Amino acid sequence: MPIELDKLDRRILAILQKDVRRSAELIGADIGLSASAVQRRITRLRDGGVIIAEVAVIDARSIGRPLTLIVDVEVERERPELLASLKQWIAAEPMIQEAWYVTGAGDYVLIIVARDVEDFEALMQRLLTDNANVRRYQTRVTLGTIKRGMLVPVEPLAE
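Quick summary incoming for the structure in this document. Everything quoted here is computed from the prediction, not taken from an experiment. Residues take numbers from 1 onward in each chain, read along the sequence in its written order. The predicted origin of the model limits local features to residues at a pLDDT of at least 70 and limits the giving and counting of side-chain atom pairs to 80 or more, whereas totals for whole chains, interfaces and linings rest on all residues. Here the side-chain values reflect all heavy atoms present in the structure, with hydrogen atoms and water set aside.

It is worth spelling out the pairing of strand β3 (residues 108–114) at this point. Accessible area is worked out with a 1.4 Å probe on protein chains only. A residue is then buried under 20% of its type maximum, exposed over 50%, and partly exposed in between. Only DSSP runs of H or I reaching four residues or more are called helices, and only runs of E reaching two or more are called strands; each is numbered from the N terminus. Among the seven residues that make up β3, seven are buried, leaving the element largely enclosed by the rest of the structure. Side chains of β3 alternate between two faces, with Tyr 108, Leu 110, Ile 112 and Ala 114 and Val 109, Ile 111 and Val 113 buried alike. Note: strand β1 (residues 67–75) against β3, seven bridges, orientation antiparallel. Bridge assignment links Leu 69 to a residue of β3, and that residue is Ile 112. Paired strands, as defined in this entry, are two strands with at least two bridges between them according to DSSP.

Here is the structure:
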């Protein structure tokens, strides 16, 4: 069951999404709470599953993965055990940054970062070899990034 979020929780979430390293003292000064009250709220948000991760966002190019690809994957059959196996394979693959189970022409959309075309081709060969249920895939190579982020809009509650 989702936890109730009040106006202060929402303000804390908005601040943390922009800078997770911001201290409870500074957050408290911005929203009118003590540092300990802010810390208690952050702990409750973590424990309640609202905050699911706190990570460093790394520029893939700077670590030798300049190629970003968007791949639509279509499966043969949508039997639960076959879908579960593919989802598990996708979740375990480090080159796959994001994955969605979708409606439309394909069944999955994958965002992949690779060193080069050969690196990507090897991944796709593993996908096909390890998942006989994959019918086909279609790839789009990104030419540039316009926006990338994980910020979820956190609107304040109506007063």
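Still more ground to cover, so stick around.
A few words now on the packing of aromatic side chains. Pairing of aromatic side chains here covers Phe, Tyr and the six-membered ring of Trp, requires ring centres within 6.5 Å, and sorts the geometry by plane angle: under 30 degrees stacked, over 60 edge-to-face, intermediate tilted. One pass over the full model with this rule turns up one aromatic pair. Their ring planes at 35° and their centres at 5.1 Å tell us that Tyr 101 and Tyr 108 sit as a pair that is tilted. For Tyr 101, a relative accessible area of 42% corresponds to the partly exposed category. Above the face of the Tyr 101 ring, Lys 87 is positioned so that its terminal group lies 4.5 Å from the ring centre. A positively charged side chain is recorded as over a ring if its NZ (Lys) or CZ (Arg) lies within 6 Å of the ring centre. The angle to the ring normal must also be within 35 degrees.

What follows concerns the pattern of salt bridges. A pairing counts as a salt bridge when a side-chain nitrogen of Lys or Arg comes within 4 Å of a carboxyl oxygen of Asp or Glu. Summed over the entire model, instances satisfying the criterion amount to 13 salt bridges. Of the charged contacts in the structure, one is a salt bridge between Glu 54 and Arg 46, with a shortest N-O distance of 2.6 Å. For Arg 46, a relative accessible area of 36% gives the class partly exposed. In the salt-bridge network here, residues are joined through shared partners; they are Asp 6, Asp 9, Arg 41 and Arg 44.

The buried fraction of β1 is high, at eight of nine residues. Bridge analysis of β1 against strand β4 (residues 134–141) gives seven bridges, and the strand direction is antiparallel. In the sheet register, Val 75 faces β4, and the bridge partner there is Val 134.

Before going further, it helps to examine the packing of helix α2 (residues 24–31) against helix α3 (residues 35–47). Lines fitted to C-alpha atoms define the axes, with helix axes restricted to the stretch in contact, and inter-axis angles between N-to-C directions lie between 0 and 180 degrees. Remark: α2 packs on α3, axes separated minimally by 8 Å, with the N-to-C direction vectors making an angle of 105°. Taken as axis vectors, α2 and α3 run roughly perpendicular relative to one another. Judged by residue contacts, Ala 24, Glu 25, Ile 27, Gly 28 and Ile 31 of α2 engage Ala 35, Val 38, Gln 39 and Ile 42 from α3. Here the residues of the contact of α2 with α3 are counted per class, giving six nonpolar, two polar and one charged. These descriptions rest on fixed angle ranges, namely under 35 degrees for roughly parallel, over 145 for roughly antiparallel, 65 to 115 for roughly perpendicular, and the rest for oblique. What makes two residues a contact is simply this: any of their non-hydrogen atoms within 4.5 Å. Nonpolar residues are Ala, Val, Leu, Ile, Met, Phe, Trp, Tyr, Cys and Pro. Charged residues are Asp, Glu, Lys and Arg, and all others, Gly as well, are polar.

Where helix α1 (residues 7–18) meets α2, the closest approach of the two axes is 11 Å, and the angle between their N-to-C directions is 130°. By the angle between their axes, α1 is oblique relative to α2. Read as a crossing pair, α1 and α2 show a hand that is right-handed. Only Ile 27, Asp 30 and Ile 31 of α2 make contact with α1, whose side of the interface consists of Leu 8, Arg 11, Ile 12, Ile 15 and Leu 16. Taken together, the residues of the contact of α1 with α2 sort by class into six nonpolar, no polar and two charged. Note on convention: near helix rotated counterclockwise from far helix by under a right angle means a left-handed crossing. Clockwise means right-handed.

By the element assignment, Asp 107 lies in the loop between β2 (96–101) and β3. Here the positive residues are Lys and Arg and the negative ones are Asp and Glu; neither His nor the chain ends is included. Buried charge without a salt bridge: Asp 107, with Arg 135 as the nearest opposite-charge side chain at an N-O distance of 6.6 Å. Residues in contact with Asp 107, not counting those within four places in the same chain, are Val 73, Glu 74, Val 75, Glu 78, Trp 100, Tyr 101 and Val 102.

Take the buried residues of types Ala, Val, Leu, Ile, Met, Phe, Trp, Tyr and Cys, join any two whose side-chain atoms come within 4.5 Å, and each joined set is a nonpolar core. Among the nonpolar cores identified, the biggest contains 20 residues, and Val 71, Tyr 108, Leu 110 and Ile 112 are the most heavily contacted of them. Counting residues per element, the ones that place at least two in this core are β1, α4 (80–92), β3 and α5 (117–130). Top contributing element to this core by residue count: β1, with five residues. Not counting residues within four places of it along the chain, the set of residues in contact with Leu 110 comprises Leu 69, Ile 70, Val 71, Val 73, Ile 90, Ile 96, Glu 98 and Ala 99.

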